[in-house]
Amino acid sequence: MEEVFVPAVGMAMDNAVLLEWQKQPGDQVNAGDVIAIIETDKTTMDLTCETSGTLGRHRYAPNDEVPAGNTITVVLGAGESE
Amino acid sequence: MSNDKEWKRKLLRDMVVIRTFEETADKLTLRGKVAGGMHNSSGQEAVAVGTMSALDPKDVIATTHRSHHHTLAKGMDPKLVMAELFAKATGCSKGRGASMHLADVDNGNFGGNGIVGAGVGIAMGAAMGIKQLGHKKVSVGFVGDGGMNTGRTWEAINMAVVNKLPFICLVDNNQYAVETFIDRVTGGRDIAKRGAGFGLPSFTIDGQDVLKVNRYVKEARDRALAGEGPTLINALTYRYYGHNVGEKGQYRTQEEIADWRDNRDPIDRFSAQLISEGLLSQDEYVALHAEVTAQINAAVEFAEQSPYPDLSTIYEDVDSGLLGAKS
């Protein structure tokens, strides 16, 4: 299982805003797919996954503030569940 | 011969420790565990290990904002480095410094800092002290390619030359000053030629070859101890990650990064050499990685479990104690 999380990309980044989900729970995703778009203090960023599988549930809704380091969803491998 | 075998295997191990540490710390930084971010040195291991393996433990170094590889190669326990990255009280700088201020003065590591080129001045000052006190040791100032275009760097080199100081300027040249390719901002393009103009032996070498770095530093050290003054070594290397962790890098191509990783990686090259020379078996190499991974995982565990500095200690270490800064 791969956790897709909001990375701490600045020296003092506390959180980011989840702008938009690009994939829905249950979608088949491939490594490199954009899962969500987030906005930090400085820029918007695509969050991609590194593995292929089935997307898990959305743990945040659009416009939620997400603390840096927090997982927003997971990519499930064959036979895995949340 | 068996000494040579053990020595070479230690060089390899030291490089694997750095790579494993950096890959691990990079992920932890993205997860928000590392206070103030970090600069990943993956790809530059041979410069650090090649240099330190040519030094005596009592020799002095001063480094840069990208200093994990220098610090680990100088012999600091990964636990103390990781705890410092986490800003914990058990870190080498008691959690005050984080990634850019790793230091161990008692063991000749005068520390990193966030000011481009400043390590050269600090190390030159240490070399001045070494000469004054008549000690038999040398001082090495690390600097990046970006730092070779700052005034203080050349001011320090000039002072080292005219005073014949036991000093080595080691350019850890990863070719990018943050996002700027060195050739775009370096007049004359040739750092070693600039050094020659300042009157000190100056060399550009392959910084991905750990034995070559070792040999050039050893010769520079011998000259310094013989009273012949400083040397400049411009070691060409490459960083695989961004300037800082999480950087959205669009200033170099994936092909360029892959070329350095796939064809010039210092660890791949040296491990292949040791295996072909019969100094290491494939199984031993796999075991080495497993051993180092366990060591770095233990360092993470140590950092996680350690406490943050207590608020009551906030006035400690602000000065030498003579000025009376107390709570």
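Above this text you will find the structure in question.
All values derive from a computational prediction rather than experimental measurement.

## Considering the overall build of chain B
So, step 1. A tally of helices and strands in chain B yields 12 helices and seven strands.
So, step 2. Since a compact globule built from 327 residues should have a radius of gyration of about 20 Å, the 19 Å found for chain B is in line with a globular shape.
So, step 3. Its C-alpha atoms put chain B at 60 × 50 × 45 Å along the principal axes.
So, step 4. Taking all contacts inside chain B whose residues are at least 6 apart in sequence as the whole, residues at least 24 apart take part in 74%.

## Details of the pairing of strand E5 (residues 44-48) of chain A
All names here are of chain A.
So, step 1. Here five bridges tie strand E4 (residues 34-39) to E5, and the two strands are oriented antiparallel to one another. Residue pairing in the sheet places Val-34 in a bridge with Thr-48 of E5.
So, step 2. Adjacent in sequence and paired antiparallel, E4 and E5 are bridged by four residues.

## Quick notes on the packing of helix H2 (residues 45-52) of chain B against helix H9 (residues 210-225) of chain B
All names here are of chain B.
So, step 1. The contact between H2 and H9 brings their axes to 7 Å, and the two run at 40°. With respect to H9, the element H2 is oriented oblique. In this structure, the crossing between H2 and H9 has a hand that is right-handed. Residues Ala-46, Val-47, Val-49, Gly-50 and Thr-51 of H2 pack against Val-210, Val-213, Asn-214 and Val-217 of H9.
So, step 2. Residue composition of the contact of H2 with H9, grouped by class: six nonpolar, three polar and no charged.

## Examining unusual backbone geometry
Residues and elements named next belong to chain B.
So, step 1. Despite not being glycine, Ala-87 has its phi angle at roughly 60°, a positive value.
So, step 2. In this fold, Ala-87 is placed in the loop between helix H4 (78-85) and helix H5 (118-133).
So, step 3. C-beta crowding within 10 Å serves as the criterion here: with 22 such atoms nearby, Ala-87 is assigned to the buried category.
So, step 4. One non-glycine residue, Lys-94, lies in the positive phi region at around 55°.

## Looking at the interface of chain B and chain A
So, step 1. Facing the eight residues of chain B at the interface are eight residues of chain A.
So, step 2. When grouped by side-chain class, the residues that make up the side of chain B that touches chain A number one nonpolar, five polar and two charged.

## What to know about the sheet that holds strand E2 (residues 139-143) of chain B
All names here are of chain B.
So, step 1. Ordered in space as E1-E2-E3-E7-E6, the five strands form an open sheet in which the pairing is parallel. A strand with exactly one partner marks an edge of an open sheet, and here the two such strands are strand E1 (60-62) and strand E6 (202-206). Shown here is a sheet whose adjacent strand axes are inclined to one another by a mean of 20°, direction ignored.
So, step 2. Examined bridge by bridge, E6 and strand E7 (residues 231-236) share five bridges and lie parallel to one another. What sits directly across from Ser-202, in E7, is Leu-232.

## Some details on the pairing of strand E3 (residues 167-173) of chain B
Residue and element names in this part refer to chain B.
So, step 1. Within E3, seven of the seven residues are buried, which leaves the element mostly enclosed by the surrounding structure.
So, step 2. Both faces of E3 are covered, namely the face carrying Phe-167, Cys-169, Val-171 and Asn-173 and the face carrying Ile-168, Leu-170 and Asp-172.
So, step 3. Relative to E3, E2 runs parallel, the two sharing five bridges. Opposite Val-140, over in E3, you have Ile-168 as the bridge partner.
So, step 4. Each parallel crossover has a hand, and for E2 linked through helix H6 (residues 151-162) to E3 it is right-handed.
So, step 5. Bridge count between E3 and E7: six bridges; the pairing is parallel. The residue of E7 that forms the bridge with Val-171 is Asn-234.

About the criteria used
Residues numbered from 1 in each chain as written. Chains lettered and ligands numbered in written order. Predicted model: local features only at pLDDT ≥ 70, side-chain atom pairs only at ≥ 80, totals over all residues. Helix = DSSP H or I, 4+ residues; strand = E, 2+ residues; numbered from the N terminus. Rg over C-alpha atoms; globule rule 2.2 N^0.38 Å. Contact = placed C-beta atoms within 7 Å. Pairing = 2+ DSSP bridges. Axes fitted to C-alpha atoms, helices over the stretch in contact; angles between N-to-C directions. Parallel < 35°, antiparallel > 145°, perpendicular 65-115°, else oblique. Left-handed = near helix turned anticlockwise from the far one by under 90°. Nonpolar A, V, L, I, M, F, W, Y, C, P; charged D, E, K, R; others polar. Buried ≥ 20, exposed ≤ 12 C-beta atoms within 10 Å, placed from the backbone. Right-handed = clockwise from strand over helix to strand, strands pointing away.

Geometric values such as these leave the question of function open.
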